[in-house]
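Spelled out from the first residue to the last, the chains are:
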Amino acid sequence: VSQSRYISLETSQLQLQAEELQSKTLDIKKYLAIWGNLDEKKKSTSGIKMDEINSSLSSNAIKNNISSPVIKVTVPETLSGGVFDSSTITTSYATVDLDFKALDDRRALSFINDFTNSLPGYVVIKNFEIKKDKNYSDEELVAISTGKGSGIVDGKITFSWYAFKDKKTPLKDSNKTTK
């Protein structure tokens, strides 16, 4: 290989590396701008803690007059590879099933909104159902719609939940020397 050909190949490789670095720099700037605009709850790196979930579920159920909330959360798995490889945080993924009873659809929607917004990280709803728990007569439906009566609706939601957790890095002892 001639020297000019070698220099040309090296120049091409350096140009490709420069373009790749420029692309990564643009990505970093974009993600920093997005990060700055995120809600603090979305930035939380506390991970998935069942005590906090149960507390939030209970308080939101009381606030929205929800009865019989039953939650099932799969064991969180740590995602890896691609965008999930990070030196500072891990991303956990869990699937959540929640069944409950509400006085009406408005309270059911408010409950789901309040509860999912209280969770750290990101919620992606897969399925959401609201259905009346019995066949109401026309008179009962009119009374319910005018606020003079109440019905019961069954609610069920299934969602994916992505939460972040700080990685623990061992402290390096800089005072140790090797002999």
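Check the entry above for the structure.
Attention in this report is confined to the structure presented alongside it.

Cut-offs and rules
Residues numbered from 1 in each chain as written. Predicted model: local features only at pLDDT ≥ 70, side-chain atom pairs only at ≥ 80, totals over all residues. Heavy atoms only, no water. Helix = DSSP H or I, 4+ residues; strand = E, 2+ residues; numbered from the N terminus. Buried < 20%, exposed > 50% of the residue type's maximum accessible area, 1.4 Å probe, protein only. Contact = heavy atoms within 4.5 Å. Areas by Shrake-Rupley, 256 points an atom, 1.4 Å probe, with all protein chains shown as cover. Pairing = 2+ DSSP bridges. Axes fitted to C-alpha atoms, helices over the stretch in contact; angles between N-to-C directions. Parallel < 35°, antiparallel > 145°, perpendicular 65-115°, else oblique. Left-handed = near helix turned anticlockwise from the far one by under 90°. Nonpolar A, V, L, I, M, F, W, Y, C, P; charged D, E, K, R; others polar.

As a further point, take the overall build of the protein chain. Within the protein chain, the secondary structure is distributed over five helices and five strands. Ordered by position from N to C terminus, the α and β elements of the protein chain give α-α-α-β-β-β-α-β-α-β. Burial analysis of the protein chain (179 residues in total) assigns 25% to the buried set. If you take every contact in the protein chain between residues at least 6 apart in sequence, the share linking residues at least 24 apart comes to 75%. Looking at the protein chain as shown, the accessible area adds up to about 12,800 Å², and 54% of this sits on carbon and sulfur atoms.

On to the pairing of strand E3 (residues 89–102). By the criterion of burial, E3 is predominantly enclosed, with 10 of the 14 residues buried. Of the strand pairs in this sheet, strand E1 (residues 67–73) and E3 are connected by five bridges, and their pairing is antiparallel. Bridge pairing links valine 73 to valine 96 in E3. The pairing of E3 with strand E5 (residues 153–166) spans 14 bridges and is classified as antiparallel. Within E5, the position partnered with alanine 102 by the bridge is valine 153.

Attention now goes to the packing of helix H3 (residues 50–63) against helix H4 (residues 105–118). The N-to-C vectors of H3 and H4 enclose an angle of 155°; their axes lie 9 Å apart at closest approach. Considering their axes alone, H3 and H4 lie roughly antiparallel with respect to each other. Both H3 and H4 take part in a crossing whose hand is right-handed. Between H3 and H4, the residues in contact are Ile53, Ser56, Leu57, Asn60, Ala61 and Lys63 and Phe111, Asp114, Phe115 and Ser118, respectively. The class makeup of the residues in the contact of H3 with H4 is five nonpolar, three polar and two charged.

By secondary structure assignment, the location of isoleucine 144 is in helix H5 (residues 138–145). Sequence-wise, isoleucine 144 and leucine 103 are 41 residues apart; in three dimensions their C-alpha atoms are separated by 9.7 Å.

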